[in-house]
Amino acid sequence: MPPAELRGCTEADGNDAQFLLLGPLSVVHQEKSIPLGPGKQRTLLAHFLLNANRPVSVRSSLEALWDDPPPSAVKNVQLYVGRIRRMLAGVESVCRLHTVDRGYRLDVDSERVDTEVFRRLVRDASRARRDRRLDQAVVLFGDALKLWRGKPLETLACTVALDAEVGVLEDMRLMACEEYFGLMLETGHHRAAIPELRRMVAAYPRQELLRYQLMLALSRAGDRSAALSTYRSGYRLLVEDLGIEPSRPLRELHDAILADTAPTRTTSHATAPLRGTTPVRTARPGGRRGALQRAS
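None of the values given here were measured: they were computed from a predicted structure.

## Side note on unusual backbone geometry
Negative phi values dominate among residues other than glycine, just as trans dominates among peptide bonds. At Arg-102, a residue that is not glycine, the phi angle is positive and equals roughly 65°. Looking at the secondary structure, you find Arg-102 in the loop between β5 (95-100) and β6 (103-108). With relative accessibility at 70%, the residue Arg-102 sits in the exposed group. A positive phi angle is found at Asp-260, which is not glycine, with a value near 60°. The topology assignment puts Asp-260 in the loop between α11 (248-258) and α12 (268-271).

Next up, the structure:
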C-alpha cells in the first residue's frame, strides 16, 4: 500500500496509480503492485521516474544502467523502453512514456510520484517556516518524512550515476529531518522528537546537527544522563574513526549540559552554528571538512 500521505492526493479521480521510489521501487495500481520485470528494466523505469516530466537523453539512460556500457547498450535500452510501455499500459491515463529528440520523457502526474510529493511538501513546509507558521511547518515536514519507506531504490543495483541521484534524495531527507526536528524543539515538542531523533542519529551517526538536537531534546526532557551519553558515543566515533574532535557547538552544548546551563528554548541564533550540515554523501569517513567549517 502507498503511504497515506500519497494516497490522499489522488484517490478523488478514481485512478489510484502510485509510483514509489522512497524505498523499494514499486508501482501500485488498484492496491496491487504491478510486476516491473528484471533488474535493468526496473532501473531504467526508476531513472525515468526520478526525472519525471523531463527529457532523459539516451546517454543519461546508458549511464544509469551501466558504469561500462556493452556494445549492445543502445539496443538494450530500446528493448527495455518497449517493455516499460507495455507494463504501464494499464495506467496510461496518468503515465505515458514518450520518445523525444535524442531520448525519452515519462509524463506522469507529479502527485502520483512519491519523490515529487516529498519535494512539494518540503517546499510548502519551508515556506510556512519562513512565514513563521511553525505548527503548519511541523505538520508538512512530518508528512513529507512519512513518505519514506527505506533507502531509495534499495533493491536495485545502482551505477555511479544512479547512485548520485539517490544521494540527492538522501541529502534532501536529511535536511528535511534537521528542519523538522529543529521546529519540534522550537515549538516545545522535545519529548515527541526523541524517539525519531534516536533512530536518525543511529542511521547517520556522523551528522552532528542531529546529535546536537538529540542532546538538546534529552536535556530539556530532564534526561541529562542520556544527553551526556549521546555526546560521549559521538565523541568516541569521531575520535576513533576519524581522528578529529567534535565541532565547537557540540562541545559547548556538552559543557552547558554538564553545568546545567543548556538553553531551555531554541532560537534561530542558538541553532545557527549547526544549521548547515554536510550532505549524507559527504558525511562519511574523510568527508567531514565542510561540516566542521559550517558548524564552527
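Still more to cover.
## What about the side chain of Arg-211?
Tracing the backbone through its elements, the reader meets Arg-211 in helix α9 (residues 208-220). Within the buried set, Arg-211 has no salt-bridge partner at all; the shortest N-O distance to an opposite charge, 7.2 Å, is to Glu-208. The contact partners of Arg-211, leaving out residues within four places of it in the chain, are Val-201, Pro-205, Thr-230, Ser-233, Gly-234, Leu-237 and Leu-250.

## Focus: the pattern of salt bridges
Under the definition given, this model contains 15 salt bridges. One salt bridge in this structure joins Asp-107 and Arg-105, with 2.7 Å as the shortest N-O distance. You can call Asp-107 partly exposed: its relative accessible area is 24%. Looking at Arg-105, the relative accessible area reads 24%, which means it is partly exposed.

## As for the sheet that holds strand β4 (residues 56-57)
Taken in spatial order, the three strands make up an open sheet running β4-β6-β5, and their pairing is antiparallel. Each having just a single partner strand, β4 and β5 make up the two edges of the open sheet. Pairing analysis gives six bridges linking β5 to β6, with the strands arranged antiparallel. Considered in β6, the bridge of Thr-99 is made with Tyr-104.

## A closer look at the packing of aromatic side chains
According to the stated counting rule, one finds four aromatic pairs in the structure shown. A centroid spacing of 5.9 Å and a plane angle of 55° characterise the contact between Phe-48 and Tyr-104, whose relative ring orientation is tilted. Remark: Tyr-104 occurs in strand β6 and Phe-48 occurs in helix α2 (residues 39-50); sequence separation between them is 56 residues. Across this residue pair, the class does not change: Phe-48 and Tyr-104 are buried. Arranged with centres 5.4 Å apart and planes meeting at 50°, the rings of Tyr-180 and Phe-181 form a pair that is tilted. The class of Tyr-180 is buried, set by a relative accessible area of 17%. The exposure class of Phe-181 is buried, given its relative accessible area of 1%.

What counts and how
- Residues numbered from 1 in each chain as written.
- Predicted model: local features only at pLDDT ≥ 70, side-chain atom pairs only at ≥ 80, totals over all residues.
- Heavy atoms only, no water.
- Helix = DSSP H or I, 4+ residues; strand = E, 2+ residues; numbered from the N terminus.
- Buried < 20%, exposed > 50% of the residue type's maximum accessible area, 1.4 Å probe, protein only.
- Lys, Arg positive; Asp, Glu negative; His and termini not counted.
- Salt bridge = Lys/Arg side-chain N within 4 Å of Asp/Glu carboxyl O.
- Contact = heavy atoms within 4.5 Å.
- Pairing = 2+ DSSP bridges.
- Phe/Tyr/Trp six-rings, centres within 6.5 Å; stacked < 30°, edge-to-face > 60°.

Geometry only, nothing functional implied.
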